[in-house]
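# Notes for the structure review
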Amino acid sequence: MRAGKGAFSLLAAASPVLVFGGCYSNLEATQALRAKAARLGIRPEHTICTGDVVAYCADARETVALIRDWGIHVVKGNCEESLGSQKDDCGCGFADGTACDQLSAAWYAHANAEITDEQREWMRTLPRRIDLLLGGRRVAVVHGSVDSINRFVFASTPWSEKERQIALAACDGVIGGHCGIPFTHAVEGKLWHNAGAIGIPANDGTPRGWYSLLIPTDGGIQIRTEALDYDAPSAAAKVRRRGLPEGYAAALETGLWPSCDVLPAAELRVRGRAIPAGATIWNGASASWPAMVVEAHPAGVKFGDPEITLSRERRASVQLKTLETLWFNTGTLCNLACENCYIESTPKNDRLVYLTRAEVRRFLAEAAGRDPRPVEIGFTGGEPFMNPDILGMIEDSLAGGFTVLVLTNAMRPMQRHLKPLRDLNRRFPGQLALRVSLDHYDQEGHEQLRGSFTWEKTIEGLLWLAGNGFDLSVAGRTVWREPEAATRAGYRALFTELGVAIDAEDPLRLVLFPEMTANDDVPEITEQCWGTLGKSPEAVMCANSRMVVKRKGADQPCVVSCTLLPYDSAFELGATLADAARPVKLNHRYCAQFCVLGGASCSAHR
């Protein structure tokens, strides 16, 4: 009988059966598989989809229409269950707050708006299980597992769990979907098989989808798992045109998932390794495909892969707990060219162009609508006071009720604005703070990094700020490797000499930044490091801040993970604060040097 109402259907076949999963709203892949089935002579009544016809890609309504017109059997997946009942989310089983969870919200809203009421009714009628009788064996075809529609079962899932599920089904084997990666696992005549998905690649570094042919033979059932080539660039272009997450479009082109939160360690270790097509005979013997061989790290260097470290451990990531500080990089142009500047600001570096007041206002409006809203707005550069709109940006932030922190060298660019700065501080008492970069507590050390004739002008600006009642702090460097106590004592003596009321022992008033150099051998941060180091991911800067930048030649600003990594596209999180709420993989040496091991933060709130 065909898939219809109820939770159980039965299909008896004596000729090859085609099984596939996860169309995921990918119309191009679904069209390609239908054409392939026709060329192979596989009839619709001998074709089974393991569910999730609708998901990540652009053509939800059209893909459902194609599947129904094809006339094949379909098992209800968690996506059909959620969309059919108009639930609040996809029901994929992603942990709350993970990248998978946050990315899924965008496609689910799109699909929920696209499909018709009649398609929802069709989804509600789909069976949760189809039993296939083939070659003298009975196999339960489900979406996730026998007892859970959204359970992830991978090749590395212990056989004991698979065996338990097979016993629950009271069958010879199970064909599942949901996990998106094809595999076959047979032990003592029992089988667990996953045909993979056609709509998103198998995280193997190729853009192909996957399907299986089950062919009855005299020696048992041959299970052939085949790759599906199709027009992936067109599918990716549609994802972008519809405004769906870039991670899905990139996955269609690169074959790598935008997040690997759900993957066990074994599958994570073979990420990016192309899966070969394969065939297995299911009889009384044990067999598995593909071999879970741990080969050399795909990049071969530290910080070469966002998911795994060179030691092939799962890389640590940090979730955005609360957006406390929203930074704006006003542009990388600076009046100085300091030695080992974190983002290489100089009088000529315009890789990040000036933000405009209107662009900042858009993000301030979005920030004001968040619950909770950010506590602090930060302005950094380059030298922020070189941006012609800086005073307006500060004023808009203060008028919006935010506290404001401006990082400055306090030299001529700032000193051109003394009167309007003083007026802002008087109009918005207690809201405006400035942090002055004073790299060392004596002139020689400061000018070693900042250049000749920079000390006196910086001290002049510092004294003006202190004398006019500004909330004031100082940022120093630790390049000299002297003990922190000695460094703080040196600054304390300077502040006393200047008559400036800055507590050198307060790490928020005297911020000492760790040094970072490209040649240092820096350890990668794994998930196990949090416990080993006694650190919490919630203490890392990207757990509570984001930064808005505008790259040279870009039409609009974007949001990046932190103040230190404005150029690396891997840390670009989206065009809005909402887009940028996803977790950040600690896949850069600065993540280790500055944040985790260095314990530093650019914010005034710790």
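Residues numbered from 1 in each chain as written. Predicted model: local features only at pLDDT ≥ 70, side-chain atom pairs only at ≥ 80, totals over all residues. Heavy atoms only, no water.

Moving on to the overall build of the protein. Check the secondary structure of the protein and you find 18 helices and 24 strands. Taking the principal axes of its C-alpha atoms as reference, the protein extends roughly 95 × 45 × 35 Å. Out of the 606 residues in the protein, the part that is buried amounts to 56%. Here the contacts in the protein between residues at least 6 apart in sequence split such that 71% fall between residues at least 24 apart. In the structure as shown, the protein presents an accessible area of about 23,600 Å², 50% of it carried by carbon and sulfur atoms. Positive and negative charge centroids in the protein, built from 64 and 71 side chains respectively, lie 3 Å apart. (Helix = DSSP H or I, 4+ residues; strand = E, 2+ residues; numbered from the N terminus. Buried < 20%, exposed > 50% of the residue type's maximum accessible area, 1.4 Å probe, protein only. Contact = heavy atoms within 4.5 Å. Areas by Shrake-Rupley, 256 points an atom, 1.4 Å probe, with all protein chains shown as cover. Lys, Arg positive; Asp, Glu negative; His and termini not counted. Charge placed at Lys NZ, Arg CZ, Asp CG, Glu CD.)

The next thing to look at is the sheet that holds strand β6 (residues 137-141). Taken in spatial order, the seven strands make up an open sheet running β1-β5-β6-β7-β9-β8-β13, and their pairing is mixed. Of all the strands in the sheet, just β1 (9-13) and β13 (287-289) have a single pairing partner and so form its edges. With direction set aside, neighbouring strand axes in the sheet form an average angle of 15°. Sheet topology note: the strand β8 (residues 183-187)/β13 ladder contains three bridges and is antiparallel. Counted as the bridge partner of Thr184 is Trp289 from β13. Most of the contacts of helix α6 (residues 159-169) go to strand β9 (residues 190-194), to which it runs at about 100°, and overall it touches β6, β7 (173-176), β8 and β9. (Pairing = 2+ DSSP bridges. Axes fitted to C-alpha atoms, helices over the stretch in contact; angles between N-to-C directions.)

For side chains bearing opposite charge, pairing can occur when the charged atoms are close. Summed over all chains, the structure comprises 44 salt bridges. For the salt bridge of Arg68 with Glu118, the shortest nitrogen-to-oxygen distance reads 2.6 Å. Of this pair, Arg68 sits in helix α2 (residues 60-70) while Glu118 is found in helix α5 (residues 117-125), placing the two residues 50 residues apart along the sequence. Residue class for Arg68 comes out partly exposed when judged on its relative accessible area of 33%. The salt bridge partner of Asp131 is Arg138, with a shortest N-O separation of 2.7 Å. Linked by salt bridges that have partners in common, Glu28, Asp59, Arg61, Glu62, Glu114, Lys238 and Arg242 make up one network. (Salt bridge = Lys/Arg side-chain N within 4 Å of Asp/Glu carboxyl O.)

Aromatic ring pairs are described here by two measures, namely the spacing of the ring centres and the angle between the planes. Tallying each qualifying case throughout the model produces 15 aromatic pairs. Centroid distance Tyr56 to Tyr248: 5.0 Å. Interplanar angle 40°. Geometry classified as tilted. You can see Tyr56 sitting in the loop between β3 (47-49) and α2 and its partner Tyr248 sitting in helix α8 (residues 246-254), a full 192 residues away along the chain. Given the relative accessible area of 15%, Tyr56 is considered buried. Taking the relative accessible area as the measure of exposure, Tyr248 reaches 5% and is therefore buried. Where Phe152 meets Phe154, the ring centres are 6.1 Å apart and the plane angle is 10°; that geometry is what we call stacked. Taken together, the ring pairs connect Tyr24, Tyr56, Trp107, Tyr108 and Tyr248 into an aromatic cluster. The ring of Tyr567 has Arg351 sitting right over it, with the charged end atom 3.6 Å from the ring centre. The side chain of Arg477 reaches across the aromatic face of Tyr342, ending 6.0 Å from its centre. (Phe/Tyr/Trp six-rings, centres within 6.5 Å; stacked < 30°, edge-to-face > 60°. Lys NZ or Arg CZ within 6 Å of the ring centre and 35° of its normal.)

Residue-level pLDDT values for the protein average 92, and 96% of them are 70 or greater. Across residues 1-7, where pLDDT falls below 50, the model places 24 contacts with residues more than four positions away in sequence or in other chains. Note that pLDDT drops below 50 for residues 293-297; the model gives that stretch 13 contacts with residues more than four away or on any other chain. (pLDDT = per-residue confidence, 0-100.)

Turning our attention to the environment of Arg271. As for its placement among the helices and strands, Arg271 is situated in the loop between α9 (265-269) and β12 (278-282). Residue Arg271 is classed as buried on the basis of its relative accessible area, which comes to 6%. As a C-alpha pair, Arg271 and Val375 span 104 residues in sequence and 39 Å in three-dimensional space. Separated by 2.8 Å, the side chains of Arg271 and Asp305 make a polar contact. (Polar contact = N/O pair within 3.5 Å; in protein donor to acceptor, adjacent residues only side chain to side chain.)

Counting 91 residues, the largest nonpolar core has Phe328, Phe379, Ile394, Leu432, Leu564, Leu586 and Phe594 as the members making the most contacts within it. The biggest single contributor to this core is helix α18 (residues 589-596), with six residues. With residues near it in sequence (within four places) discarded, Leu564 still touches Tyr342, Ile343, Met516, Met541, Tyr590 and Phe594. Ranked by size, the runner-up nonpolar core spans 74 residues in total, among them Phe20, Cys100, Trp122 and Ala235. (Core = buried A, V, L, I, M, F, W, Y, C linked by side-chain atoms within 4.5 Å.)

For strand β21 (residues 545-549), the tally of buried residues reaches five of five residues, placing the bulk of the element in the interior. Residues Ser545, Met547 and Val549 line one face of β21 and the alternating positions Arg546 and Val548 line the opposite face, and both faces are buried. By the bridge criterion, four bridges tie strand β15 (residues 325-329) to β21 in an arrangement that is parallel. Bridge assignment links Trp327 to a residue of β21, and that residue is Met547.

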